[in-house]
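# Commentary on secondary and tertiary structure
Below are the chains, spelled out letter by letter.
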Amino acid sequence: EEGVNLMSFINGTTSNTIGASLGFSLNVAKWWNTRVDGNFSYEKLEEPIESFVRDYQRQAAVTFNNDLQFNKVLSATILYTYEFPYTSYFNYWGVTQYLDLGVRVKILKQKGAVGIRVSDVFNTMVYQGVNSGIGFEQDFHYKPLSRIALVSFNYKIGKSAGKTRKRKNRNYGSGFVE
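Each value, and the rule that gives it
Residues numbered from 1 in each chain as written. Predicted model: local features only at pLDDT ≥ 70, side-chain atom pairs only at ≥ 80, totals over all residues. Heavy atoms only, no water. Helix = DSSP H or I, 4+ residues; strand = E, 2+ residues; numbered from the N terminus. Contact = heavy atoms within 4.5 Å. Phe/Tyr/Trp six-rings, centres within 6.5 Å; stacked < 30°, edge-to-face > 60°. Buried < 20%, exposed > 50% of the residue type's maximum accessible area, 1.4 Å probe, protein only. Pairing = 2+ DSSP bridges. Patch = residues over 30% accessible without salt bridge, like charges linked within 9 Å, V, L, I, M, F, W, Y side chains within 5 Å. Areas by Shrake-Rupley, 256 points an atom, 1.4 Å probe, with all protein chains shown as cover. Salt bridge = Lys/Arg side-chain N within 4 Å of Asp/Glu carboxyl O. Lys, Arg positive; Asp, Glu negative; His and termini not counted. Charge placed at Lys NZ, Arg CZ, Asp CG, Glu CD.

Moving on, we come to the environment of Y142. Here Y142 is to be found in strand β10 (residues 136-142). Remark: the alpha-carbon pair of Y142 and Q128, spanning 14 residues in sequence, is separated by 6.0 Å. In contact with Y142, not counting residues within four places along its chain, are V126 and Y127.

See the structure below:
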């Protein structure tokens, strides 16, 4: 079928997957906008595979994004991500979480902006867990280089007048665009 992915394992079985994403925004104050996004997926094999420890895998994460506009010149972003324990057919990953911060200052009569962003401020992004199968178990610990500082500079050239487009007057009463 179009729009459907079919995955089969070498061992001959297929899986069924369900997932969901949800996001909402909230204007907490005139100067504070927040957005919360979450996702979840679950996959289950139609028939168990002997060499797999489990016949399912699941994953979920939530992100909190806060945009703060202190005045016409100064703004900031605070982004927190929490990844729930991940379970797959043959491994388990523990919780991963991290916080990103960014600040932006408009300069040069608000035609330019300088920004700085630091990812994983507290250096907490780590992936650890257990790989396992028939007759073996392996612990793993992976700490990526995640605390990174980025500096940016933007400058507007010319004027953006914010032109509005003229729309045609259309009659939609019949259900057809005429």
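Having put the structure on the table, let's press on.
So, on to the packing of aromatic side chains. Centre distance and the angle of the planes are the two values used to describe a pair of aromatic rings. The tally for this structure, following the rule as stated, stands at 9 aromatic pairs. Both rings, one in Y82 and one in F84, keep their centres 4.7 Å apart while their planes meet at 75°; by these two values the pair is edge-to-face. The class for Y82 is partly exposed, based on a relative accessible area of 22%. Taken together, the ring pairs connect Y86, W93, Y127, F140 and Y142 into an aromatic cluster.

Where strand β1 (residues 15-29) meets strand β2 (residues 32-45), 14 bridges bridge the pair, whose relative direction is antiparallel. Bridge pairing in β2 places G19 opposite S41. Linking β1 to β2, which pair antiparallel, is a turn of 2 residues.

Taken together, R104, K106, K109, K111, K156 and K159 make up a surface patch of like positive charges. With respect to the helices and strands, R104 occurs in strand β7 (residues 96-107). When its relative accessible area of 39% is taken as the criterion, R104 is described as partly exposed.

Purely spatial values, then, with no claim about function.
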